[in-house]
Structure formats: C-alpha cells, structure tokens
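An overview of the molecular structure
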2 protein chains.
Amino acid sequence: MDVALLGGTGDIGAGLALRLAHDTDHAVVVGSRDPDRARERAEDYAATLADRGASGDLSGLGNADAATRADVVVLAVPPYHVRSTVESVADGLDDETVLVSPAVGIDRDDDGFHYDPPGAGSVTEFAADIAPADVPVVGAFHNLPAARLSNLDADLGLDVALLADDADAKATVRSLVADIEGLRPADAGGLANAAEIESLTPALLNLAANGHGHDLGPRFC
Amino acid sequence: MDVALLGGTGDIGAGLALRLAHDTDHAVVVGSRDPDRARERAEDYAATLADRGASGDLSGLGNADAATRADVVVLAVPPYHVRSTVESVADGLDDETVLVSPAVGIDRDDDGFHYDPPGAGSVTEFAADIAPADVPVVGAFHNLPAARLSNLDADLGLDVALLADDADAKATVRSLVADIEGLRPADAGGLANAAEIESLTPALLNLAANGHGHDLGPRFC
C-alpha cells in the first residue's frame, strides 16, 4: 500500500520512512509543506538505503498530494501542527484513508518531562475530532524513540500500542507495524484509551534522563 | 532490612510478600488492620514457600506495629485507603523509614480502563502530601501484575519504575527491587513524574483486555 508520512522530514517521520522503505514493499511518500524539501529528503533516505546495499520505494510530495495518493496517512508532525496539517490535507482524505496520529503533547520543566494533553484528552482524540467524520483515525507509534528508529543498525524489539474505534483501520495499521522488523503491534483499545499510552512517552524520556538508558521504547510483556 | 507490607493480605501485597520472602533475606512483615488476619496470611505465605521446599522470614502484625518495626513500609492498599492507612501508622514513621506507594487510581467504563488520579496529581504525590514531613516517599511497583507476582512459577522479566525526591530513599528501594529475581529497578525521576508511570497501569489493563496477553508488566528498553 501507499503510506504518506506528513512531516516526513522530521525525526519520527525520517525513522518511519527509513524503516518502512527498508523492511517492506510499501510505497513510502515523504510529505512536507515544501514539495522540493520532501523530494530532497526522500532522496536522502534512498541514499541511506543505497549505502547499505538496500533499496525501497521512496518519493517526496507536498503534504496534500502525498495524502491524496496514500492509503495510510501518518501525521508525523509536532502536536501543535496537527490541526493545520489535517486541515491542509482534508480534501484528499476519505473513508478509505486511514489517518495515523503518533504525536504526544509533552511539557518540560525543572522536574522533567510531563504529559500535556490537549483539551480533547489526548492528541490522538484531538486528531480524530479535527479529521473529516468519515476518516478513521488510529493512534500508533507514540512511544518510539526517533533516533533509534532512524538508525537502521539499531535493533528495535519494541511494542507499538494501537488505539482505534474502527476495527478495519486498526487492522491495517497493525499489519503495517508488523511489517517493520522488531516492532510488535499491541492493541491498547479505543481512542478513549490514548491518553494512557501517550503518557508513556514523557515517562520514557524521564527514565532516559535519569540514566535508565538511551532512546527507550516500551515492551508490554 | 525489615519490610512491612501494609495491606499485605491483598493481591499486590501477597505478591510482594511471596517474592521478597522467597528471593531475599529481608524480614517481611505482613500488615493488616486485623493482626490475626495478618498472622494467618503470613502463615499461608510461609506454607506456599514450604510447598516448594523454600522458606523465608515472614511474620504478621497489625499495620501500626508492622510500620513501627520496619525500615521500608509499603502502602499495598487501594488508593482510597491510602489516607487512612498512612494516618493510622504515622506515629511509627520517622526520617529513617522509607514509605513506598504502589497504588494507582483507575476508573473503568465501557471504553476500558482510565487513569483517575487524585487532586495531588498522582497517588504517589498524594501519599507524600499525607505522610509526616520528614518521612521520604518513594513511588514503586505501580505497574506489576499482582497475579503473576504471586505465582512463584511465573517469570517476571519486568522493570519497576522508581519515583522519589530523596536520593537515599530511592536507593534503598532500588536495592530492594534488584533483590527480587526478574525485576529491574528503573529511575523514572521525582515524585512530580509519578502520574506518567501510574498511567501505564490502566494502559496495561487495556492491552490485556484487547488480547495482547495476560498479567502484563512493562519493560523500558
């Protein structure tokens, strides 16, 4: 299938682009507000794969064109860009597009990292509120360490919690996650259960800041 | 050292009592509002160990006597009993006692399990607010599956997030956790970081309810 990574030039977008292109046969479309920048980054990712003797189906497009073409659209943008990004691509989405929300609202102060959700309760629910009513939203990839994802030499061995009210959309993303080596999909419930999963990201940042390790992700076992 | 498990007749208390008595040389004091019930449960736990050809240092006392004697006092009670339990043992606590808070506020509705913290922000911070000012509080054991902890045939292989503002108290609990086979202590920051760790417990319950597995705990890796 065609997977668009909106904000695919950022760090979580880069990690997902590289892993999907390297490990799967899916067509990966890097999206950006600037189509030229999207194409450049897609070429960079392809060069990273080529350096390893690998290849993948990578291209770059403006966010709206990327979303229109894709079966799965990942909002790989910071939480404060979720609204503008969804609005900018809404015309290209329909009930056959799965919209994926990986963003987490995080605040930092002298005590460390804290979960800072929007009024909707979670960024995932916020994305669902903004998305056109017929477009199913799936929360996923919230807890993945971007730098480790981008480093194809790094083993993952992590679980990806999935949140959705639409069973078909959840199954589509489950299959996408399972296609990436070292990631295991884990059904964490509906959109109403997203806050508890998003909260885990600042917890992982606090664990890393306190010496438990680097670039941590979760395993639910 | 002496470890009191207040509410040690409940399921998380039973699990900690069995694991500590089985795996370590610490004196484990089961506490209960009813001293007779505490003694009976301590005998039950000792019998469970004896059935395996093992033994441990297990006794039972009323909560106040258990707390007075102990170096580490674990509030193994439901969140709505934290206040009354701390108040009932406060006279026996001092700056050489470490108070451990493992409770999590969880709400359940048709959508699943949700984190439901008290006004203090987390149960751990609530316990710290109620404890005498000189008694250091450590958040720990929030995310452990009680049934698996109580089953000495079950492997754990889980991480225990620690939260404390007092470094010595945190080190004491870190050492206690490391003494239990299959548990790895993980420094998750100060008391202000407890909510993000407590939130993981309803997430784990949702993952189990949605088929990811049974009696789940976390690994931060």
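As a starting point, this report considers the structure included with it. None of the values given here were measured: they were computed from a predicted structure. (Residues numbered from 1 in each chain as written. Chains lettered and ligands numbered in written order. Predicted model: local features only at pLDDT ≥ 70, side-chain atom pairs only at ≥ 80, totals over all residues. Heavy atoms only, no water.)

Glancing now at the overall build of chain A. Looking only at helices and strands, chain A features nine helices and 11 strands. Computed over C-alpha atoms, the radius of gyration of chain A comes to 16 Å, within 12% of the 17 Å expected from 2.2 N^0.38 for 221 residues, which places it in the range of a compact globule. Based on the C-alpha atoms only, the size of chain A along its principal axes is roughly 40 × 40 × 30 Å. Going through the 221 residues of chain A one by one, you find that 58% of them count as buried. Counted over contacts in chain A with a minimum sequence separation of 6, partners at least 24 positions apart contribute 72%. Here chain A has roughly 8500 Å² of accessible surface; of this, 42% comes from carbon and sulfur atoms. Taking the average location of the 14 positive side-chain charges in chain A and that of its 38 negative ones, the two points are 5 Å from each other. (Helix = DSSP H or I, 4+ residues; strand = E, 2+ residues; numbered from the N terminus. Rg over C-alpha atoms; globule rule 2.2 N^0.38 Å. Buried < 20%, exposed > 50% of the residue type's maximum accessible area, 1.4 Å probe, protein only. Contact = heavy atoms within 4.5 Å. Areas by Shrake-Rupley, 256 points an atom, 1.4 Å probe, with all protein chains shown as cover. Lys, Arg positive; Asp, Glu negative; His and termini not counted. Charge placed at Lys NZ, Arg CZ, Asp CG, Glu CD.)

All names here are of chain A. The residue aspartate 187 is located in strand E10 (residues 183-187) in this model. In this structure the side chain of aspartate 187 is engaged in a polar contact, spanning 2.6 Å, whose partner is the side chain of lysine 170. Polar side-chain contacts of aspartate 187 include one of 2.9 Å to the backbone nitrogen of glycine 189. (Polar contact = N/O pair within 3.5 Å; in protein donor to acceptor, adjacent residues only side chain to side chain.)

The two copies are related by a screw motion: chain B maps onto chain A through a turn of 180° and a shift of 0.0 Å along the axis, at an RMSD of 0.0 Å. Taken together, the turn and the small shift mark the pair as related by a two-fold rotation axis. For chain B, the smallest separation between a C-alpha atom and the rotation axis is recorded for B:Arg219, amounting to 2.5 Å. Most of the interface of chain B is mirrored in chain A: 100% of its interface residues are interface residues there too. (Least-squares fit on C-alpha atoms with pLDDT ≥ 70 in both.)

Right, let's get into the state of the cysteines. Scanning all chains against the criterion turns up zero disulfides over all chains. The structure places no disulfide on A:Cys221, whose sulfur is separated from the nearest cysteine sulfur, that of B:Cys221, by 7.4 Å. Given a relative accessible area of 27%, A:Cys221 falls into the partly exposed group. (Disulfide = S-S within 2.5 Å.)

Attention now moves to the interface of chain B and chain A. Opposite the 35 residues of chain B that make contact, chain A presents 35 residues. Summing the contributions of chain B and of chain A, the shared interface buries around 2500 Å²; its carbon and sulfur component is 57%. Summed over the three residues of chain B that lose the most area to chain A, namely B:Glu196, B:His212 and B:Cys221, the buried surface amounts to 26% of that side. The tally of links from chain B across to chain A stands at zero salt bridges. Joining chain B to chain A, the criterion identifies 15 residue pairs in polar contact (both at pLDDT 80 or more). Elements that contribute at least two residues to the side of chain B that touches chain A include exactly strand E7 (112-115), strand E9 (158-164), strand E10 (183-187), helix H8 (194-198), helix H9 (200-209) and strand E11 (218-220) of chain B. Considering each element in turn, the side of chain B that touches chain A owes the most residues, six residues, to H9(B). (Buried area = accessible area lost by both parts, 1.4 Å probe. Salt bridge = Lys/Arg side-chain N within 4 Å of Asp/Glu carboxyl O.)

A separate point is the environment of A:Glu125. The residue A:Glu125 is located in helix H5 (residues 123-130) in this model. If we skip the residues at most four places from it in the chain, A:Glu125 touches A:Ala120, A:Leu191 and A:Ala192.

As a further point, take the sheet that holds strand E8 (residues 137-139) of chain B. Residue and element names in this part refer to chain B. Sheet architecture is open: eight strands sit in the order E3-E2-E1-E4-E5-E8-E9-E10, paired in mixed fashion. Both outer strands of the open sheet, strand E3 (57-62) and E10, are each paired with one neighbouring strand and no more. Sheet twist, expressed as the average angle between the axes of neighbouring strands with direction ignored, equals 25°. Relative to E8, strand E5 (residues 98-101) runs parallel, the two sharing three bridges. Bridge pairing links leucine 99 to valine 137 in E8. (Pairing = 2+ DSSP bridges. Axes fitted to C-alpha atoms, helices over the stretch in contact; angles between N-to-C directions.)

Further remarks concern a negative patch on the surface. Judged by side-chain charge, A:Asp107, A:Asp109, A:Asp110, A:Asp111, A:Asp116, B:Asp165, B:Asp166 and B:Asp168 come together as a negatively charged surface patch. Mapped onto the elements, B:Asp166 comes out in the loop between E9 and helix H7 (167-179). Using a relative accessible area of 32% as the deciding quantity, one classes B:Asp166 as partly exposed. (Patch = residues over 30% accessible without salt bridge, like charges linked within 9 Å, V, L, I, M, F, W, Y side chains within 5 Å.)

Time to look at H7(B). One full turn of an α-helix is made of 3.6 residues, so residues set three or four places apart face in the same direction. Residue and element names in this part refer to chain B. A rise of 1.5 Å per residue sets the reference length of H7, with its 13 residues, at 18 Å; its end C-alpha atoms lie 18 Å apart and thus fit the reference within 8%. Taken residue by residue, H7 has Ala169, Lys170, Val173, Leu176 and Val177 as its buried positions. The arc that holds every buried residue of H7, seen down its axis, measures 120°, which confines them to one face. Facing away from the buried surface of H7 by more than 90 degrees, the exposed residues are Ala167 and Asp168. (Expected span 1.5 Å × (residues − 1). Arc of directions from axis to C-beta.)

Inspection of the secondary structure assignment puts B:His212 in the loop between H9 and E11. Within polar-contact distance, the side chain of B:His212 engages the backbone oxygen of A:Phe220 at 3.1 Å. The residues contacting B:His212, other than those within four sequence positions of it, are A:Asp159, A:Arg184, A:Pro185, A:Ala186, A:Phe220 and B:Leu207.

With that settled, consider the pairing of strand E5 (residues 98-101) of chain A. Residues and elements named next belong to chain A. Where burial is concerned, the two faces of E5 agree: the one with Val98 and Val100 and the one with Leu99 and Ser101 are both buried. Here three bridges tie strand E4 (residues 72-75) to E5, and the two strands are oriented parallel to one another. Within E5, the residue paired with valine 73 across the bridge is leucine 99. For the segment spanning E4, helix H4 (residues 82-89) and E5, crossover handedness is right-handed. (Right-handed = clockwise from strand over helix to strand, strands pointing away.)

Attention now goes to the sheet that holds strand E2 (residues 27-32) of chain A. For sheets, the rule is that strands pair by backbone hydrogen bonds, running either parallel or antiparallel. Residue and element names in this part refer to chain A. The strand order across the open sheet formed by eight strands is E3-E2-E1-E4-E5-E8-E9-E10, and the pairing between neighbours is mixed. Of all strands in the sheet, those bounded by a partner on one side alone are strand E3 (57-62) and E10. Within the sheet, the average angular offset between the axes of one strand and its neighbour, ignoring direction, is 25°. One ladder, built from five bridges, connects strand E9 (residues 158-164) with E10; its direction is parallel. Opposite leucine 162, over in E10, you have aspartate 187 as the bridge partner. The sheet contacts of H4 involve strand E1 (2-6), E4 and E5, and relative to E4 the element is tilted by about 150°.

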